[in-house]
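# Per-entry structural report
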Amino acid sequence: MLQKIYDWIDERIDITPIWRDIADHEVPEHVNPAHHFSAFVYCFGGLTFFVVVIQILSGMFLTMYYVPDIENAWKSVYYLQTEVAHGQIVRGMHHWGASVVIVMLLLHTLRVFFQGAYKKPRELNWMVGVLIFFVMLGLGFTGYLLPWDNKAYFATQVGLEMAEQVPVIGGELKALLAGDEEIVGAQTLTRFFAIHVFFLPGALFALMAIHFVLIRRQGISGPL
Amino acid sequence: MSEEKQQVSRRQFLNYTLTGVGGFMAAGLLAPMLRMAIDPVLQPPSEGEFVNVGLAVEDITTTPQRVDWKIKQVDGWYESEPGRTAWVYKDDNGDIIALSPICTHLGCVVSWEGSEDHPNQFFCPCHDGRYTKDGVNVKGTPPLAPLPTFEQKVENGMLYLGKAIPRKGA
């Protein structure tokens, strides 16, 4: 049945070559942990991607219950956490996954750094990777505020004051992030929510696409 | 490896194993999310609580009168007291009838003798839907079912109303 559906589509638009380009390529021996166990260090990039997929999925489901509004944000999180079946698990996945993403990202970066895999001709991919790292930190920072509890509020307060220390444009930068020059409140929360679920994920998808296209074009760097 | 023909090739075995493990992981990830998403569907239907609508039984006449009251509603993390309305009267047997004013056509609000052209009937202004006094829809007008009736009880001479129960189409 599935084969028939696949054949029907393939006959018309010839998807097999596309599929081959994306998924069907050999893993070099030096990258395969089955050959050299130490090759597990090559898994960190993929693991980062895997956790990102979890973050995207769990985040999508969380927005079914979450409200980005100062009156209801905390209440909706509390409701989700205590009243909704498995809500605690899904928020737990998003909460812990946020930390795991950063850990995996760092391990991946360390591997690339210490193997010198960033060297010519892969400098561009290193730069894209650094941008992904910044986007991830942004996602962590904006997501931290969303439960709207004391920890979230004061952590954001501190983060915004750091932004304010930027020379010359500090004040404007803070107002841009917080939605107000002084108050960390209603406008900050909606802003952080929009940045967290629309702007940064959009940037993340674009950067990840470039990251992966570049890997496919340039191949994995050779053995040490 | 034996020389005999293998039932399952090494490649097949690996394929099955990887698909199985991958499927198990995917299921483990998705199960809590889907369970959370469908939670509202699996909630037991809410029990209608009877609320004193502030109308003494002796004040109920044979002419439908409009009664407004408030119920307590918990909607997730939001608690409120939305209003409810009923048309209440005593029928020929002296039984109390409490009709919901929500038109069974598309949910507008009907009122008793809402149109001067149709005395002794409930009238819906949206599409000229009409109901007779007992709440039964008039044939040839848009509604396809009678007005729902509220569950009711009388305590200490006061009228208590619960949930509106839909009636079968006539």
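Residues numbered from 1 in each chain as written. Chains lettered and ligands numbered in written order. Predicted model: local features only at pLDDT ≥ 70, side-chain atom pairs only at ≥ 80, totals over all residues. Heavy atoms only, no water.

### Some details on the overall build of chain A
Helix and strand counts for chain A come out as nine helices and zero strands. Looking at the 224 residues of chain A, the share that counts as buried comes to 35%. Within chain A, counting contacts between residues at least 6 apart in sequence, those at least 24 apart form 65% of the total. With an accessible surface of roughly 14200 Å², chain A has 68% of that area assigned to carbon and sulfur atoms. Charge centroids of chain A, computed over 14 positive and 19 negative side chains, lie 8 Å from each other. (Helix = DSSP H or I, 4+ residues; strand = E, 2+ residues; numbered from the N terminus. Buried < 20%, exposed > 50% of the residue type's maximum accessible area, 1.4 Å probe, protein only. Contact = heavy atoms within 4.5 Å. Areas by Shrake-Rupley, 256 points an atom, 1.4 Å probe, with all protein chains shown as cover. Lys, Arg positive; Asp, Glu negative; His and termini not counted. Charge placed at Lys NZ, Arg CZ, Asp CG, Glu CD.)

### Some thoughts on the domain arrangement of chain B
Along its sequence, chain B is organised into domain 1 (1-43) and domain 2 (51-165). A C-alpha centroid distance of 55 Å is found between domain 1 of chain B and domain 2 of chain B. (Domains from an automatic or database assignment.)

### A look at the interface of chain A and chain B
Taken together, the contact between chain A and chain B spans 22 residues of the former and 14 residues of the latter. In this assembly, chain A packs against chain B so that about 1500 Å² is buried in total across both faces, 82% of it on carbon and sulfur atoms. Our enumeration of links across chain A and chain B arrives at zero salt bridges. Across the chain A-chain B interface, the total number found is two residue pairs in polar contact (both at pLDDT 80 or more). (Buried area = accessible area lost by both parts, 1.4 Å probe. Salt bridge = Lys/Arg side-chain N within 4 Å of Asp/Glu carboxyl O. Polar contact = N/O pair within 3.5 Å; in protein donor to acceptor, adjacent residues only side chain to side chain.)

### Concerning the packing of aromatic side chains
Residue and element names in this part refer to chain A. Scanning the entire structure with this criterion turns up 16 aromatic pairs over all chains. Ring plane angle 15° and centroid distance 5.0 Å describe the contact between Trp74 and Tyr78, whose orientation is recorded as stacked. Remark: Tyr78 and Trp74 occur in helix H4 (residues 73-82); sequence separation between them is four residues, near one turn of the helix. Using a relative accessible area of 47% as the deciding quantity, one classes Tyr78 as partly exposed. (Phe/Tyr/Trp six-rings, centres within 6.5 Å; stacked < 30°, edge-to-face > 60°.)

### Some remarks on the packing of helix H8 (residues 170-178) of chain A against helix H9 (residues 186-218) of chain A
Residue and element names in this part refer to chain A. Where H8 contacts H9, the axes come no closer than 7 Å and their chain directions differ by 80°. Comparing their axes, H9 and H8 come out roughly perpendicular. Two secondary-structure elements touch here, H8 through Leu176, Leu177 and Ala178 and H9 through Gln187, Thr188, Arg191 and Phe192. Here the contact of H8 with H9 is built from residues that sort into four nonpolar, two polar and one charged. (Axes fitted to C-alpha atoms, helices over the stretch in contact; angles between N-to-C directions. Parallel < 35°, antiparallel > 145°, perpendicular 65-115°, else oblique. Nonpolar A, V, L, I, M, F, W, Y, C, P; charged D, E, K, R; others polar.)

### Side note on the layout of surface pockets
Residues and elements named next belong to chain A. Approximately 1700 Å³ is the volume attributed to the largest pocket. Every residue lining the largest pocket is counted, 46 residues in all, and those nearest its centre are Gly45, Gly46, His108, Phe212 and Ile215. Of all the secondary structure elements, the ones that give two or more residues to the lining of the largest pocket are helix H2 (16-23), helix H3 (43-62), helix H5 (87-114), helix H6 (123-145) and H9. Counting residues per element, the lining of the largest pocket draws most heavily on H3, at nine residues. (1 Å grid on protein atoms, 1.4 Å probe; cavity = no way out; pocket = protein on both sides within 12 Å on 5 of 7 lines; lining within 4 Å. Points joined across faces, edges and corners; volume = space filled by probe spheres on them.)

### Side note on H8(A)
Residues and elements named next belong to chain A. Along H8, the positions that sit buried rather than exposed are Gly170, Lys174, Ala175 and Ala178. Axial view of H8: buried residues confined to an arc of 135°, hence all on one face. Facing away from the buried side of H8, by more than 90 degrees, are the exposed residues Glu172 and Leu176. Those residues of H8 hidden inside the fold are in contact with helix H7 (150-164) and H9. Gly179 lies just past H8 and shows a positive phi near 80°. (Arc of directions from axis to C-beta.)

### Re the state of the cysteines
Residue and element names in this part refer to chain B. Evaluated as defined, the whole model comprises one disulfide over all chains. Note that Cys108 is cross-linked by a disulfide to Cys126, the S-S spacing being 2.0 Å. Its torsion about the S-S bond being -95°, the disulfide of Cys108 and Cys126 is classed as left-handed. A residue pair is termed long-range when its members are at least 10 positions apart, and Cys108 in the loop between strand S6 (96-99) and strand S7 (111-112) and Cys126 in the loop between strand S8 (122-124) and strand S9 (129-131) qualify at 18 residues. Residue classification places Cys126 among the partly exposed positions, given a relative accessible area of 39%. Cys124 supplies the cysteine sulfur nearest to Cys103, a cysteine that is in no disulfide, at a spacing of 3.8 Å. On the basis of relative accessible area, Cys103 is assigned to the buried category, the value being 5%. (Disulfide = S-S within 2.5 Å.)

### Structural notes on the sheet that holds S8(B)
Residue and element names in this part refer to chain B. What the three strands build is an open sheet, ordered S7-S8-S9; its pairing is antiparallel. The open sheet has two edge strands with one neighbour each: S7 and S9. Here S8 runs beside S9; their pairing, made up of three bridges, is antiparallel. The residue of S9 that forms the bridge with Phe122 is Tyr131. (Pairing = 2+ DSSP bridges.)

### Digging into H7(A)
With 15 residues, H7(A) should cover 21 Å at 1.5 Å per step; its first-to-last C-alpha distance of 21 Å lies within 8% of that length. Packed against the buried residues of H7(A) are H6, H8 and H9 of chain A. (Expected span 1.5 Å × (residues − 1).)

### Overview of the side chain of A:Thr142
All names here are of chain A. The topology assignment puts Thr142 in helix H6. One polar contact links the side chain of Thr142 to the main-chain carbonyl oxygen of Gly138, over a distance of 2.8 Å. Of note is the side chain of Thr142, whose polar atom sits 3.2 Å from the backbone oxygen of Leu139. Contacts of Thr142, omitting those with residues within four sequence positions, involve Phe192, Ile195, His196 and Leu200.

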